[in-house]
Amino acid sequence: MMHNNYNPVATGRGTGDHIASFDLEIASNRQRHDETRSALSGRHLIAWFFFASVAVASFCIFTGILEVPKGIAGAPVRESGEDNPSNDYGSGWNDDDWEPSSGYDEQDNTNQEAEAEQQNINEYKVTKEIKFVYCYGDSLTAGYIPNESENHPYGPALQSELNNLYRTASAAIAPQLQHPPNIIVQSTGYPGMPAKAMIKNVEHEHVGACRAVEHSPKPSVVIILAGTNDLMRVTPDLERPDDSEALHNEGRVEVILGPITTLYKAVLACSARVGGNDMMILSVGIPGSRFQVEHPAASDIAAKVNEGLSEFSSNYSGPSGKIVYTDFPFEYEESDSKWAPDGLHLTALGYDELGKRLAPVVKSVLDMMYDDL
């Protein structure tokens, strides 16, 4: 049945022609309607898929399943080797991006076997009988061991050996002495952290070196072991073992040496700020590694940095404190059980040996500071 307002125009044709023309128009209108409905359905499907994708992505970012690259919502990007305990090698000289993560904010490698005792450490006072030593650095101070779930810092072994040395000395000098000097060692290390980042974060409330001398009992000696990460970062492009001249021409020795010596001065300044004008820093040289064996140029740079640290320490005449330099206590040997399979870190045996070997050096520094120890 036709609509009431439909009035076909006379064309001079018969009634059958008019009906055929009308049916053709209806079919054409129906086809256009179907095409329009199909197009709308396709657009609706695309829009639904878009909004569903945005919703899923937002949920994943909010819950931490996805990590947003830097530049989007201000989220940080973690470079290879930074904030990563399993890799101190790094991926280029990009230390401005090193930031303390929440895991490091709470990290405390202080004498883990005596944690209960350490909780009361702030109640101690620096007296003739009690002296404090603080170890600060990267993964070698943290005691990181590849493929191990727990760190093994050298601090406890250093503390044990120091007290053994003083007990032995006291027994020889004054057998009647019942309470020989008690040395308490604290240590904190941050894997992947180069000296440049240590300077940048020196005042950081959690990872800064200044917290060691301002917010805990004032240490007599601060041991700083740094430079391994810096060495790996300034020599990522080594291709031949005879590249030393080119590397030195780029001033890479100073790129490592400068931040470390600046760190020493900053820590002494922090100590002086809270009245620790007599604190001393024990500077420990960059240790050997498989990387240095494979690339003599890197080994040459490390040796020159260590020479620079020794010279700086000997000539330092700042307003407060002093600096004493010592080489890393033992060389790298691939077959040595003190070294981890990665050729960079130590084993538990190696960290214990490091603490024992450093103990006589630390004792000599303390003896210089306190004549009556």
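Owing to the predicted nature of the structure, the values given are computational and were not obtained by experimental measurement. (Residues numbered from 1 in each chain as written. Predicted model: local features only at pLDDT ≥ 70, side-chain atom pairs only at ≥ 80, totals over all residues. Heavy atoms only, no water.)

Draft legend 1. Inspection of the overall build of the chain at higher detail. Across its full length, the chain carries 13 helices and five strands. For the chain, the proportion of its 373 residues judged to be buried stands at 44%. For the chain, contacts bridging at least 24 residues in sequence account for 73% of all contacts bridging at least 6. Of the roughly 20,000 Å² that the chain leaves accessible, carbon and sulfur atoms contribute 52%. (Helix = DSSP H or I, 4+ residues; strand = E, 2+ residues; numbered from the N terminus. Buried < 20%, exposed > 50% of the residue type's maximum accessible area, 1.4 Å probe, protein only. Contact = heavy atoms within 4.5 Å. Areas by Shrake-Rupley, 256 points an atom, 1.4 Å probe, with all protein chains shown as cover.)

Draft legend 2. Highlighting the state of the cysteines. Counting across every chain of the model gives one disulfide. Between the sulfur of Cys210 and that of Cys270 lies a disulfide, 1.8 Å long from S to S. Here Cys210 and Cys270 share a disulfide; its torsion about the S-S bond, 50 degrees, makes the bridge right-handed. Of the two residues, Cys210 is situated in helix α7 (residues 210-214) and Cys270 in helix α10 (residues 252-273); the sequence distance between them amounts to 60 residues. For the pair shown, Cys210 and Cys270 are each scored as buried. (Disulfide = S-S within 2.5 Å.)

Draft legend 3. Region of interest: the packing of aromatic side chains. Following the criterion strictly, the structure yields seven aromatic pairs and no others. Centre to centre, the rings of Phe328 and Trp339 are 6.3 Å apart; their planes meet at 40 degrees, and the pair counts as tilted. In this pair, Phe328 sits in the loop between β5 (322-326) and α13 (348-369) while Trp339 sits in the loop between β5 and α13, placing the two residues eleven residues apart along the sequence. Assessed through its relative accessible area of 10%, Phe328 is described here as buried. Through a chain of ring-to-ring contacts, the aromatic side chains of Phe328, Phe330, Tyr332 and Trp339 assemble into a single cluster. The side chain of Lys338 reaches across the aromatic face of Phe330, ending 5.0 Å from its centre. (Phe/Tyr/Trp six-rings, centres within 6.5 Å; stacked < 30°, edge-to-face > 60°. Lys NZ or Arg CZ within 6 Å of the ring centre and 35° of its normal.)

Draft legend 4. Quick peek at the nonpolar core. One finds Ile224, Ile256, Val267, Ile281 and Val305 to be the most contacted residues of the largest nonpolar core, which totals 38 residues. If you list the elements that add at least two residues to this core, you get β1 (130-137), α6 (195-200), α7, β3 (221-225), α8 (228-234), α10, α12 (296-315) and β5. It is α10 that contributes the most residues to this core, ten residues altogether. Apart from residues no more than four positions distant in its own chain, Val267 is found in contact with Ala209, Val213, Ile224, Met279 and Ile281. In terms of nonpolar packing, the next biggest core, distinct from the first, is built from 29 residues, Cys135, Trp339, Leu354 and Val365 among them. (Core = buried A, V, L, I, M, F, W, Y, C linked by side-chain atoms within 4.5 Å.)

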